[in-house]
Amino acid sequence: NCDNATSATWTITVQDTTPPVFTAVGDDVTVQCDQDLPAPFATAEDNCDDDVEVTVSPEIIPGECEAEYTMVRTYTATDNCGNTATATQTITVVDTTAPVLDYAGGEMTLECDEEVTLPEVGATDNCSTVEVNMTMVTEPGDCPQNWFEIYTWTATDACGNDSESATLVVEYDDTTPPVFDPFQVFVEIPCDEIIEMTLTATDNCSSETNISVTYVEVMQ
């Protein structure tokens with residue numbers, strides 16, 4: 001109370017060492033390879049910073065085929081004092097859609113000496129390259145000159161998805177009769193002689209032909 005004084009100091013240091021906290025992060029999802037990826041999404045809050053900066057860094061991890069991969073998005077929230085927090089979102093891109101052939105299949109009948117002209121069969125896929133494979137099997141018909149050739153096409157994309165198959169059934173048939181080789185169709189012989197004739201014929205599909213002869217006597 002006589003105005004003598006002394007002083008002391010108390011230092012209070014205010015620091016921000018608490019990282020932000022994510023309040024929302026995009027869900028982990030699986031999408032088809034031809035779908036749009038979901039947009040990046042993440043929000044965060046901080047105990048001291050009302051405007052937290054959130055950045056995203058994507059990493060691509062290749063899959064087992066050309067159309068499949070995994071994207072890992074790493075979100076980083078940073079407050080104005082440099083404290084950070086991270087969160088991740090995993091997007092899995094898959095290819096489970098089969099290719100589609102541009103040919104539906106069909107049937108045709110050819111003469112046994114004709115050659116088939118096969119269609120040019122292609123395919124389309126939603127995401128990757130396509131390989132079209134063809135197989136052919138032969139089945140017998142009712143006679144040696146009648147048989148079936150069955151052609152089957154299947155498309156496979158780079159991820160191993162197979163299309164529905166398309167089948168062409170080609171029946172080879174023999175509807176063309178043999179043709180006699182040139183011979184004299186009218187001859188005159190004495191009444192006491194017997195005509196000797198040797199006839200041959202060719203066929204479009206058979207190497208051998210059977211010839212039967214019927215004699216008819218016409219009185220004049």
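In this text, all values refer to a predicted model and were calculated from it rather than measured experimentally.

Cut-off values and rules
Residues numbered from 1 in each chain as written. Predicted model: local features only at pLDDT ≥ 70, side-chain atom pairs only at ≥ 80, totals over all residues. Heavy atoms only, no water. Patch = residues over 30% accessible without salt bridge, like charges linked within 9 Å, V, L, I, M, F, W, Y side chains within 5 Å. Areas by Shrake-Rupley, 256 points an atom, 1.4 Å probe, with all protein chains shown as cover. Salt bridge = Lys/Arg side-chain N within 4 Å of Asp/Glu carboxyl O. Helix = DSSP H or I, 4+ residues; strand = E, 2+ residues; numbered from the N terminus. Buried < 20%, exposed > 50% of the residue type's maximum accessible area, 1.4 Å probe, protein only. Pairing = 2+ DSSP bridges. Axes fitted to C-alpha atoms, helices over the stretch in contact; angles between N-to-C directions. Core = buried A, V, L, I, M, F, W, Y, C linked by side-chain atoms within 4.5 Å. Contact = heavy atoms within 4.5 Å. Phe/Tyr/Trp six-rings, centres within 6.5 Å; stacked < 30°, edge-to-face > 60°. Lys, Arg positive; Asp, Glu negative; His and termini not counted. Polar contact = N/O pair within 3.5 Å; in protein donor to acceptor, adjacent residues only side chain to side chain.

### Things to note about a nonpolar patch on the surface
- Judged by side-chain polarity, Trp 10, Ile 12 and Val 14 come together as a nonpolar surface patch covering roughly 460 Å² of accessible area.
- Of note, Ile 12 is situated in the segment before β1 (21-25).
- Classification of Ile 12 as exposed rests on a relative accessible area of 57%.

### Comments concerning the sheet that holds strand β2 (residues 29-32)
- Taken in spatial order, the four strands make up an open sheet running β2-β6-β5-β4, and their pairing is mixed. Each edge of the open sheet is held by one strand with a lone partner, namely β2 and β4 (53-62). With strand direction ignored, the average angle separating the axes of adjacent strands in the sheet is 25°.
- Relative to strand β5 (residues 69-78), β4 runs antiparallel, the two being bridged by 10 bridges. From the neighbouring strand, Glu 53 faces β5, where its bridge partner is Thr 78.

### Points about the nonpolar core
- Residues Leu 101, Leu 110, Val 116, Val 121, Tyr 151, Trp 153, Ala 155, Ala 166, Leu 168, Val 170 and Tyr 172 constitute the largest nonpolar core, which totals 11 residues.
- A total of four residues in this core trace back to one element, the largest contributor, which is strand β12 (residues 166-173).
- If we ignore the near neighbours within four places in the chain, the residues touching Val 170 are Met 108, Leu 110, Val 116, Trp 147, Phe 148, Glu 149 and Tyr 151.

### Quick notes on the packing of aromatic side chains
- Considering all chains together, one arrives at three aromatic pairs under this definition.
- A centroid spacing of 5.5 Å and a plane angle of 80° characterise the contact between Tyr 103 and Trp 153, whose relative ring orientation is edge-to-face. With Tyr 103 in the loop between β7 (100-101) and β8 (106-111) and Trp 153 in strand β11 (residues 147-157), this pair connects stretches of sequence that are 50 residues apart.
- Relative accessible area serves as the criterion here: at 5%, Trp 153 is assigned to the buried category.
- Measuring from ring centre to ring centre gives 6.3 Å for Tyr 151 and Trp 153, while their planes differ by 25°; the resulting arrangement is stacked.
- In textbook terms, an aromatic cluster arises when at least three aromatic residues are bridged by ring pairs, as seen for Tyr 103, Tyr 151 and Trp 153.

### Some remarks on unusual backbone geometry
- For Asp 3, which is not glycine, the phi torsion reads 70° and is therefore positive.
- Residue class for Asp 3 comes out exposed when judged on its relative accessible area of 75%.

### Points about the side chain of Asp 125
- Mapped onto the secondary structure, Asp 125 falls in the loop between β9 (123-124) and β10 (130-140).
- For the buried Asp 125, no salt bridge exists, and the shortest N-O distance to an oppositely charged side chain is 21 Å, to Arg 73.
- Of note is the side chain of Asp 125, whose polar atom sits 3.0 Å from the backbone nitrogen of Cys 127.
- Among the polar contacts listed, one links the side chain of Asp 125 to the backbone nitrogen of Ser 128, at a separation of 2.9 Å.
- Discounting chain neighbours no more than four positions away, the residues touching Asp 125 are Asp 95, Thr 97, Ala 98, Pro 99, Val 130 and Asp 157.

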